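# Notes for the structure review
Chain by chain, the residues run as shown.
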Amino acid sequence: MAKWIKFIGKRIIYMLVTILLISSVTFFLMQKLPGSPYGNEEKITSAQKKVMNERYGLDKPVAEQYLLYMAGIARGDFGISLQFGDQPVGKIIAARIGPSVQLGIQAIILGTVVGIILGIISAMFQNTWIDTSTSLTAILGRSVPNFVFAVLLQLIFAIHLQWLPIGLWDQGFYSTVLPTIALSFAPMADAARFVRTEMIDVLHSDFIELARATGIGEWEIAARHGLRNAVIPLITILGPMVASLLVGSLVIEKIFAVPGIGEQFIKSILSNDYFTIMGLTILYSALLVAVILVVDILYVLIDPRIRLSEGDEE
Amino acid sequence: MTEKIVSVKNLQVSFDTFSGKVHAVRGVSFDLLRGETLAIVGESGSGKSVTCRSIIRLLSKNASIDEGTIFYEDEEMLLKTPKELRKIRGKEISIIFQDPMTSLNPTMQIGKQISRPMIHHLHLSKNEAKRRAIDLLDLVGIPNSEERYKNYPHQFSGGQRQRIVIAIALACNPRVLIADEPTTALDVTIQAQIIELMKEIQKKTGMSIIFITHDLGVVAKVADRVAVMYGGKIVEFGKTEEIYYLPQHPYTWGLLQSIPSLEETEEDLYAIPGSPPDLIHPPKGDAFYLRNPYALEVDLHFEPPLYQVSPTHYAATWLLDKRAPKIAVPASIQRRYDIYHQRHKEGYDE
Ligand SMILES: Nc1ncnc2c1ncn2[C@@H]1O[C@H](COP(=O)(O)OP(=O)(O)OP(=O)(O)O)[C@@H](O)[C@H]1O
Ligand SMILES: [Mg+2]
């Protein structure tokens, strides 16, 4: 137990340092952003501008702004949106994060489960037409941008067959189906390709040969000996997978008119809404760092070879 | 019931590879007798593993068995369906491999790996299988078997892992154990222990063992009979004593000369010069021709037949032909002959 506290504590400290660095970098990059947050700049007078700058604290020296901002973050205050009616950034995020998280989780579960199945089938039928077609699917899923799938899905299932809503977030789970599928292609493709390679590797290892020599059938070998060994390393690409999902969701949310955080991000960038951009960047990076922590913990839990400390080795 | 438990006749196995058809086994015949240990000795690539894996048909996809028959008891293994084969593998005939570090599933408790074949073949319940697995761990000399049942492979040393692999192989009381260089990856003291263990178990269960090795030195400790393989063929076989003290084939001489001994220093250590034959285009004559200091003209053109040396001892070399010139065998081999004749003197006098 003490080992766990030490292990997780250490990771959390790294996490905080990473987030601190990312927020600092984001802050100073914001300073370099061309344009200003005030819509039609030509139309506002410099007096008006001055009042606004004072109000948002943008008139202070950069160093002071930085310190104020960081102090705010420490209190959980991410500043005020310059765009959306002066609401606190934290509140905007909180209001919008639900659909994004739901989509993300659904997509990653769907994507990895289908990906693992495809990868295993591919490996079991290595170099047959089955393998070729699943591999091809994976390559398509990886290389075709997900908005293409999104539009295709809308065309087929919403417009032609009319099975599912074309967009919006007003029919509960039904509304989530198409965006989830569109979003799941990338993680599915990644997982399928990854599991295929791992599984082929594992199926050629000595212990599989020994299992065969004990008379166990191929499918049982795949399930009992192959699966776990092939899927454990999948955890390592969970981080990059979540990252690509976050990016992917920006477009998908736009196409399906999902009131999520991705849409918010695009709007805030287009309007130079400094505090919202920073808040969301920090949120995304915190998410990623948290995923990496989860990955580390999962690894220790799932892989018997990894121990928190030596101790129980012989 | 015959004496033979496994009988291989004129086995020919080849592999389709990118660079051509590899003729890995080219007409091998041998019998494994009940309760005996047969050693198969030969350099790397001589076809030992392929020969033995053919018995349970555990060959890679690009392999084909082109000729021959393989009988286990009175069942022809080459006619079996995959399903029938699975009933024999691990139950009647078990195999263990060279490298204990990779032979076990790293993410599965070793106990589960031992009990699995028993649940599969003997239809034991989980609990019965576990009890037997613990007994097996005791048998192969893993202390604290009860607790260690739940451990993973990385928690054991190389020697212990090979013991566990042996436990898996023995789980269903097989009649035949194929041990494919089971001690090659282990250091010398552990080697001796593992060999001791196998002999002990054989004494208890009466199973037959095929012991593959490239080290003739190990063979004396385990084998009743020895088959020497070269280039996909058996070039000499006989009782262990006959192979050791009355070897006839120049290749066997070479192997005997390359056994490291305590008195010899590194530099003295002999290695047969040259390299094994090309198995994609096997030579027309004797495959050992190019490396054989005692080669005859005839070796280049014709393969030597198996000559009978004694009712139990055969060798495939033209040197045994009546027409062959008398040659002086290497001094160290002559010493072995002398020892043999010394031992059998009384016998000869009669
Ligand atoms: N899957 C395969 N594909 C192609 N060639 C193979 C394959 N397996 C074995 N061979 C070839 O068959 C020949 C005999 O191999 P085998 O493994 O039986 O040798 P061995 O006597 O067991 O040697 P070692 O002491 O190295 O284990 C070798 O020339 C090898 O290259
Ligand atoms: Mg081998």
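Note that the coordinates shown come from a computational prediction; the quantities given were computed from them, not determined experimentally. (Residues numbered from 1 in each chain as written. Chains lettered and ligands numbered in written order. Predicted model: local features only at pLDDT ≥ 70, side-chain atom pairs only at ≥ 80, totals over all residues. Heavy atoms only, no water.)

## Description of the environment of tyrosine 340 of chain B
Residues and elements named next belong to chain B. Mapped onto the secondary structure, tyrosine 340 falls in helix α12 (residues 331-343). On the accessibility criterion, tyrosine 340 (8% relative accessible area) is buried. For the pair tyrosine 340 and glycine 231, spaced 109 residues apart in the sequence, the C-alpha separation amounts to 28 Å. (Helix = DSSP H or I, 4+ residues; strand = E, 2+ residues; numbered from the N terminus. Buried < 20%, exposed > 50% of the residue type's maximum accessible area, 1.4 Å probe, protein only.)

## A closer look at helix α6 (residues 158-170) of chain B
Helix length check: α6 of chain B, at 13 residues, gives a terminal C-alpha distance of 18 Å against a target of 18 Å (1.5 Å per residue), a fit within 8%. Across the 13 residues of α6 of chain B, 13 count as buried, placing the element largely inside the fold. (Expected span 1.5 Å × (residues − 1).)

## A short note on a negative patch on the surface
Residue and element names in this part refer to chain B. Judged by side-chain charge, Asp135, Asp138, Glu146 and Glu147 come together as a negatively charged surface patch. Listed by contribution, the elements that provide at least two residues to the negative patch are α4 (126-139) and α5 (145-148). On the basis of relative accessible area, aspartate 138 is assigned to the partly exposed category, the value being 44%. (Patch = residues over 30% accessible without salt bridge, like charges linked within 9 Å, V, L, I, M, F, W, Y side chains within 5 Å. Areas by Shrake-Rupley, 256 points an atom, 1.4 Å probe, with all protein chains shown as cover. Salt bridge = Lys/Arg side-chain N within 4 Å of Asp/Glu carboxyl O. Lys, Arg positive; Asp, Glu negative; His and termini not counted. Charge placed at Lys NZ, Arg CZ, Asp CG, Glu CD.)

## Looking at the packing of helix α7 (residues 173-203) of chain A against helix α9 (residues 218-231) of chain A
All names here are of chain A. Running from N to C, α7 and α9 point in directions that differ by 120°, and their axes come no closer than 9 Å. Looking at the two axes, α7 sits oblique to α9. Pair α7 / α9 crosses with right-handed handedness. Residues Val195, Glu198, Met199, Val202 and Leu203 of α7 form the contact with α9, whose participating residues are Ile221, Ala222, His225, Gly226, Leu227, Asn229 and Ala230. Residue classes in the contact of α7 with α9 are distributed as eight nonpolar, three polar and one charged. (Axes fitted to C-alpha atoms, helices over the stretch in contact; angles between N-to-C directions. Parallel < 35°, antiparallel > 145°, perpendicular 65-115°, else oblique. Left-handed = near helix turned anticlockwise from the far one by under 90°. Contact = heavy atoms within 4.5 Å. Nonpolar A, V, L, I, M, F, W, Y, C, P; charged D, E, K, R; others polar.)

## A word on the pattern of salt bridges
Across all of its chains, the model carries 18 salt bridges over all chains by this definition. Residues arginine 212 of chain A and glutamate 209 of chain A are paired through a salt bridge, measuring 3.0 Å at the closest nitrogen-oxygen approach. Here the residue arginine 212 of chain A and the residue glutamate 209 of chain A both occupy positions in helix α8 (residues 206-213), the gap between them amounting to three residues, near one helical turn. Exposure class is identical for arginine 212 of chain A and glutamate 209 of chain A. Each is buried. The salt bridge partner of glutamate 220 of chain A is arginine 224 of chain A, with a shortest N-O separation of 2.9 Å. One end of the pair is glutamate 220 of chain A and the other is arginine 224 of chain A, both in helix α9 and four residues apart, which spans about a single turn. By sharing partners, the salt bridges in this structure join Glu209, Arg212 and Glu218 of chain A together with Arg53 of chain B into a single network.

## Description of the UniProt feature "domain: ABC transporter" (unreviewed entry) in chain B
UniProt records the feature "domain: ABC transporter" (unreviewed entry) for residues 6-256 of chain B in the present numbering. The span residues 6-256 of chain B is 39% helical and 28% strand by assignment, and the distance between its end C-alpha atoms comes to 27 Å. (UniProt positions renumbered as here; feature names shortened; annotations may be inferred.)

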